[in-house]
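# Structural overview for review
Take a look at the letters that make up each chain.
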Amino acid sequence: MATSTPPAKTPNKSRKLIILVIVLVTLVVLAAAGAAFYLASQRKEAAPVAVVPVDPIFIALEPMTVNLQPNGRSRFLHVAVTLKVPDVKSQALVTQYLPEVRSRLLSALSNRAAESLVTPEERAQLAADIMTTLNQPFVANLPSLKISSVMFTTFMLQ
């Protein structure tokens, strides 16, 4: 009795099936990578949001003349000041409280000695002191002003 065993074809079929699965997985991974690259490149090409610069608001105060602290002789300062504020609300507050703004400015200027206003650094310090003084709240429940800078448009020391 001769027994014959049929040739085993299952290893060939399983090998083909494994190769087919590997090829399909590779194609799916490549397609996913391509889609991710495409979406990332579309995000970069989107128009950047343009930042529109805000127009500055300047408030020119009337020129004023103040007597300076005496140091042997009479000296005075003639100055015109322009304030830069960031928004209309601050502009309205400065306009509403203009007499108090001018009073604080006069006090800050008249408490100086003439010798302390000669160099540009000393004038810059004076501008910083004025800004600090004017940024104080005028009323207890009122927010403080937001003065961005103080500029001297006229500065005459005699």
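Just so it is clear, the model here is predicted, and its values are computed rather than measured.

Conventions adopted
- Residues numbered from 1 in each chain as written.
- Predicted model: local features only at pLDDT ≥ 70, side-chain atom pairs only at ≥ 80, totals over all residues.
- Heavy atoms only, no water.
- Helix = DSSP H or I, 4+ residues; strand = E, 2+ residues; numbered from the N terminus.
- Contact = heavy atoms within 4.5 Å.
- Areas by Shrake-Rupley, 256 points an atom, 1.4 Å probe, with all protein chains shown as cover.
- Phe/Tyr/Trp six-rings, centres within 6.5 Å; stacked < 30°, edge-to-face > 60°.
- Axes fitted to C-alpha atoms, helices over the stretch in contact; angles between N-to-C directions.
- Parallel < 35°, antiparallel > 145°, perpendicular 65-115°, else oblique.
- Nonpolar A, V, L, I, M, F, W, Y, C, P; charged D, E, K, R; others polar.

### A short note on the overall build of the protein chain
When helices and strands are tallied, the protein chain shows four helices and four strands. In the protein chain, the succession of helices and strands from N to C terminus is α-β-β-β-α-α-α-β. Looking at the protein chain alone, contacts between residues at least 24 apart form 67% of all its contacts between residues at least 6 apart. Working note: accessible area of the protein chain is about 11400 Å², and carbon and sulfur atoms make up 63% of it.

### Notes on the packing of aromatic side chains
Overall, the coordinates contain two aromatic pairs when judged by the stated rule. Seen from their ring centres, Phe-152 and Phe-155 are 5.1 Å apart, and the 65° between their planes marks the pair as edge-to-face.

### Structural notes on the packing of helix 2 (residues 88–96) against helix 3 (residues 98–110)
As a packed pair, helix 2 and helix 3 sit with axes 5 Å apart at the nearest point and diverge in direction by 80°. If you check the angle between helix 2 and helix 3, you find them roughly perpendicular. Together, Val-94, Thr-95 and Gln-96 of helix 2 and Leu-98, Pro-99 and Val-101 of helix 3 make up the contact between the two elements. Residue composition of the contact of helix 2 with helix 3, grouped by class: four nonpolar, two polar and no charged.

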